[in-house]
Amino acid sequence: MTAETVEPASKVELAPGVGGGGEIPSFDITLKVRRYNPEVSEEAHWDDFKLTMYGTDRVLDALHKAKWEHDGSVSFRRSCAHGVCGSDAMRINGRNRLACKTLLKDLDTSKPILVEPIKGLPVEKDLIVDMEPFFQSYREIMPFLINSGHEPTRERLQSAEDRERFDDTTKCILCAACTSSCPVFWTDGQYFGPAAIVNAHRFIFDSRDDAGDMRLEILNDKEGVWRCRTVFNCTEACPRGIQVTKAISEVKNAVLNRKI
Amino acid sequence: MAVSSEIQAPRSGRVAPKYTRHGSSRGNFEMLAWLFMRVSGLVLVVLIFGHLFVNLMVGEGVHAIDFGFVAGKWADPFWQIWDLAMLWLAMLHGTNGVRTIINDYADKDGTRFWLKTVLYAATAVIIVLGTLVIFTFNPCPPNAAAELLPSFCPAP
Ligand code: HEM
Ligand code: SF4
Ligand code: FES
């Protein structure tokens, strides 16, 4: 066994009081969380948490504080806490957003902040929904490169213009904020939903992929792109700023051009 | 009180039954319906505004509309075709639009079925009656009470 290495002393000397950004303002909020636990009751209800938070805190920090300091049974998904894993989409004050990208100071802190699970998917507990139907639609559009040519020994090169064609839709983190904001999806959950179409778009318009026709055929289904009513909720909900409705329209046009 | 609820393990591959799609649909019906809404919409802009302009603005405008005015228009095959196109396109466009709304808002298959049955029946009745009227309109129907007839009708 090697001896424990001693951490070297920092070479940077900071004068006391230097390095902080000054006092961070704090404020009190009421966090209203939609609670549901089928092992206790089939009825959902609201729980209020009165919390003192800081100007740099996000809704996710408030949820952490509620869970860690008030009620350990509050349940929600989160992983990266920095807007890249797509775990913590939820309805915050009636809008679908990522809890980890929503600063409390940007909300109206004079009123209770409402946090609910995303709509249209079965709630399992509190803010956790069953994402399986969402991922099922995602799987159906074959979200992987299909190339019928010989496997190259090198990287598959692509021009900057060809890459740009589908750049926007590569940004998806599969958070389901879009699909669960779509009123057509809310009704019966049959619609493929914006996220599946966005991820199909990612490959349909990729010059290296050969299965665009198959994906267009899949999305020509009666529950496919034609169920889109251009409501634009998805575009507004997307935390990655993807032009979701535009991507759906491009896929609609691609289906049309192929058939006519 | 303990409510027993069966909660399956996550990632077990199960999809709640409500969400499973029942096979894939063949054909291009929804695509053609989508295209039809846009094409018929464009044609309707011309037909409807042309109709409104000719009926309400030209000449004496709205004050000239009576049985005779209608009969006069429908004596001309141009206006017969115009109104026929407007009737069919508006009815099919409107029916398809309401069909979409029913699909979007009815969540039980039974509700959907009955609403659509009523819709299609109403559409069929209106298209058939409307078409019939355009081609058989007679401002002076025989055996009608004299006080209901317009002044230009020959005395019975
Ligand atoms: C004046 C010319 C018109 C134009 C340009 C037009 C255009 C359109 C278009 C493009 C849609 C499809 C919307 C979508 O897919 O999201 C639509 C839907 C619809 N239209 Fe028209 N339309 C016209 C006249 C009419 C008339 C006369 C009626 C009634 C008979 C009508 C009833 C409907 C209904 C019920 C819908 C479905 C609503 C929806 O999908 O949100 N429209 N129209
Ligand atoms: S398109 Fe945007 S909102 Fe939809 S799943 Fe992807 S990242 Fe989330
Ligand atoms: S926790 Fe990863 S996106 Fe918010």
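Residues numbered from 1 in each chain as written. Chains lettered and ligands numbered in written order. Predicted model: local features only at pLDDT ≥ 70, side-chain atom pairs only at ≥ 80, totals over all residues. Heavy atoms only, no water.

Student: Just to check I follow, could you spell out the pattern of salt bridges for this structure?
Tutor: Where charged atoms from two side chains of opposite charge approach closely, those side chains can pair. Following the criterion strictly, the structure yields 27 salt bridges over all chains and no others. Residues glutamate 116 of chain A and arginine 91 of chain A are paired through a salt bridge, measuring 3.9 Å at the closest nitrogen-oxygen approach. On the criterion of sequence distance, the pair formed by glutamate 116 of chain A in strand E5 (residues 113-116) and arginine 91 of chain A in strand E3 (residues 89-92) is long-range, its members being 25 residues apart. The exposure classification of glutamate 116 of chain A matches that of arginine 91 of chain A, with both residues buried. Taking the shortest distance from any N to any O, the salt bridge between glutamate 140 of chain A and arginine 21 of chain B comes out at 2.8 Å. Here glutamate 140 of chain A, found in helix H2 (residues 132-140), pairs with arginine 21 of chain B, found in the segment before helix H1 (29-56), and the two come from separate chains. Here the residues in one salt-bridge network are Asp188, Lys222, Glu223, Arg227 and Arg229 of chain A together with Asp104 and Arg112 of chain B, joined through shared partners. (Salt bridge = Lys/Arg side-chain N within 4 Å of Asp/Glu carboxyl O. Helix = DSSP H or I, 4+ residues; strand = E, 2+ residues; numbered from the N terminus. Buried < 20%, exposed > 50% of the residue type's maximum accessible area, 1.4 Å probe, protein only.)

Student: Looking at this model, I keep getting lost on the interface of chain B and chain A. Mind explaining?
Tutor: Quite often, the size of an interface is put as the accessible area lost when its parts meet. At the interface, 29 residues of chain B touch 35 residues of chain A. In this assembly, chain B packs against chain A so that about 2,800 Å² is buried in total across both faces, 51% of it on carbon and sulfur atoms. Looking at the side of chain B facing chain A, the largest losses of area belong to Tyr19, Arg21 and Met31 of chain B, adding up to 27% of the total buried there. Taken together, the links from chain B to chain A amount to four salt bridges. Counting every contact that joins chain B to chain A gives twelve residue pairs in polar contact (both at pLDDT 80 or more). For the side of chain B that touches chain A, the class distribution of residues is eleven nonpolar, eleven polar and seven charged. (Contact = heavy atoms within 4.5 Å. Buried area = accessible area lost by both parts, 1.4 Å probe. Polar contact = N/O pair within 3.5 Å; in protein donor to acceptor, adjacent residues only side chain to side chain. Nonpolar A, V, L, I, M, F, W, Y, C, P; charged D, E, K, R; others polar.)

Student: Mind showing me how you'd approach the site of ligand 2 here?
Tutor: In the region of ligand 2, the neighbouring residues are Cys172, Ile173, Leu174, Cys175, Ala176, Ala177, Cys178, Ala195, Cys238, Pro239, Arg240 and Ile242 of chain A. Its residues assigned to classes, the shell around ligand 2 shows eleven nonpolar, no polar and one charged. (Near = heavy atom within 4 Å.)

Student: What's the story with the sheet that holds strand E4 (residues 95-98) of chain A in this structure? I'm lost.
Tutor: Strand pairing in a sheet relies on backbone hydrogen bonds, with the paired strands running either antiparallel or parallel. All names here are of chain A. Within the open sheet, the five strands sit side by side as E2-E1-E5-E3-E4. Their pairing is mixed. Looking at strand neighbours, the two that pair on one side only are strand E2 (45-54) and E4, the edges of this open sheet. Averaged over all pairs of adjacent strands, the angle between their axes in this sheet comes to 35°, without regard to strand direction. The pairing of strand E1 (residues 26-35) with E2 spans ten bridges and is antiparallel. Considered in E2, the bridge of arginine 34 is made with tryptophan 46. Along the sheet, helix H1 (residues 59-70) makes contact with E1, E2, E3 and E5, crossing E2 at roughly 105°. (Pairing = 2+ DSSP bridges. Axes fitted to C-alpha atoms, helices over the stretch in contact; angles between N-to-C directions.)

Student: Would you mind showing me how to read the side chain of glutamate 223 of chain A here?
Tutor: Turning to its location among the elements, glutamate 223 of chain A is positioned in the loop between helix H6 (212-219) and helix H7 (233-237). Contact partners of glutamate 223 of chain A, with chain neighbours within four places excluded, come to Gln190, Tyr191 and Phe192 of chain A together with Arg21 of chain B.

Student: How do you make sense of the domain arrangement of chain A when you look at a structure like this?
Tutor: Residues and elements named next belong to chain A. Domain annotation for chain A reports domain 1 (26-129) and domain 2 (132-145 + 162-259). Contacts between the two partners involve 15 residues from domain 1 and, on the opposite side, 15 residues from domain 2. Taken together, both faces of the contact between domain 1 and domain 2 bury some 1,100 Å²; the carbon and sulfur share is 61%. Per-residue buried area on domain 1 facing domain 2 is highest for Asn96, Lys119 and Leu121; these three make up 40% of the total on that side. Summed over the shared surface of domain 1 and domain 2, the number is zero salt bridges. At the boundary of domain 1 with domain 2, the tally comes to three residue pairs in polar contact (both at pLDDT 80 or more). Within the residue set of the side of domain 1 that touches domain 2, elements represented by two or more residues are E3 and E4. (Domains from an automatic or database assignment.)

Student: Can you walk me through the site of ligand 1 in this structure?
Tutor: Taken together, the residues surrounding ligand 1 are Arg229 of chain A together with Met37, Arg38, Gly41, Leu44, Val45, Ile48, Ala90, His93, Gly94, Gly97 and Val98 of chain B. The local environment of ligand 1 is shared, drawing residues from chains A and B. Arginine 229 of chain A places a side-chain nitrogen or oxygen 2.7 Å from an oxygen atom of ligand 1. Interatomic distance of 2.8 Å between a side-chain N/O atom of histidine 93 of chain B and a nitrogen atom of ligand 1. Of all the secondary-structure elements, those providing two or more residues to the shell around ligand 1 are H1 and helix H3 (77-105) of chain B. Among the elements that make up the shell around ligand 1, the one with the highest residue count is H1 of chain B (six residues). In the shell around ligand 1, the residues fall into six nonpolar, four polar and two charged.

Student: Would you explain H6 of chain A in this entry?
Tutor: Because each turn of an α-helix spans 3.6 residues, side chains separated by three or four positions end up pointing in the same direction. Residues and elements named next belong to chain A. Those residues of H6 not exposed but buried are Gly212, Arg215, Leu216 and Leu219. The arc that holds every buried residue of H6, seen down its axis, measures 100°, which confines them to one face. Of the surrounding elements, those touching the buried residues of H6 are helix H5 (194-204) and helix H8 (244-259). (Arc of directions from axis to C-beta.)

Student: How do you make sense of the pairing of E1 of chain A when you look at a structure like this?
Tutor: Each regular strand carries side chains that alternate between the two faces of the sheet. Both E1 of chain A and E5 of chain A contribute to a ladder of three bridges, which runs parallel. Bridged to leucine 31 of chain A within E5 of chain A is isoleucine 113 of chain A.

Student: I'm lost on the packing of aromatic side chains in this one. Help?
Tutor: Centre distance and the angle of the planes are the two values used to describe a pair of aromatic rings. One pass over the structure, following the stated rule, counts ten aromatic pairs over all chains. Centroid distance tryptophan 79 of chain B to tryptophan 82 of chain B: 5.2 Å. Interplanar angle 55°. Geometry classified as tilted. Of this pair, tryptophan 79 of chain B and tryptophan 82 of chain B are both found in helix H3, three residues apart, which corresponds to roughly one turn of the helix. Through pairs of rings, three or more aromatic residues link up here, namely Phe134, Phe135 and Tyr138 of chain A. (Phe/Tyr/Trp six-rings, centres within 6.5 Å; stacked < 30°, edge-to-face > 60°.)

Student: It is not clear to me how the environment of glutamate 217 of chain A should be interpreted in this structure. Could you clarify?
Tutor: All names here are of chain A. Note on placement: glutamate 217 falls in helix H6. Taking the C-alpha atoms as reference points, glutamate 217 and isoleucine 113, 104 residues apart in sequence, are found 43 Å from one another. The contact partners of glutamate 217, leaving out residues within four places of it in the chain, are Arg258 and Lys259. Of the polar contacts made by the side chain of glutamate 217, one reaches the side chain of lysine 259; its length is 3.1 Å.

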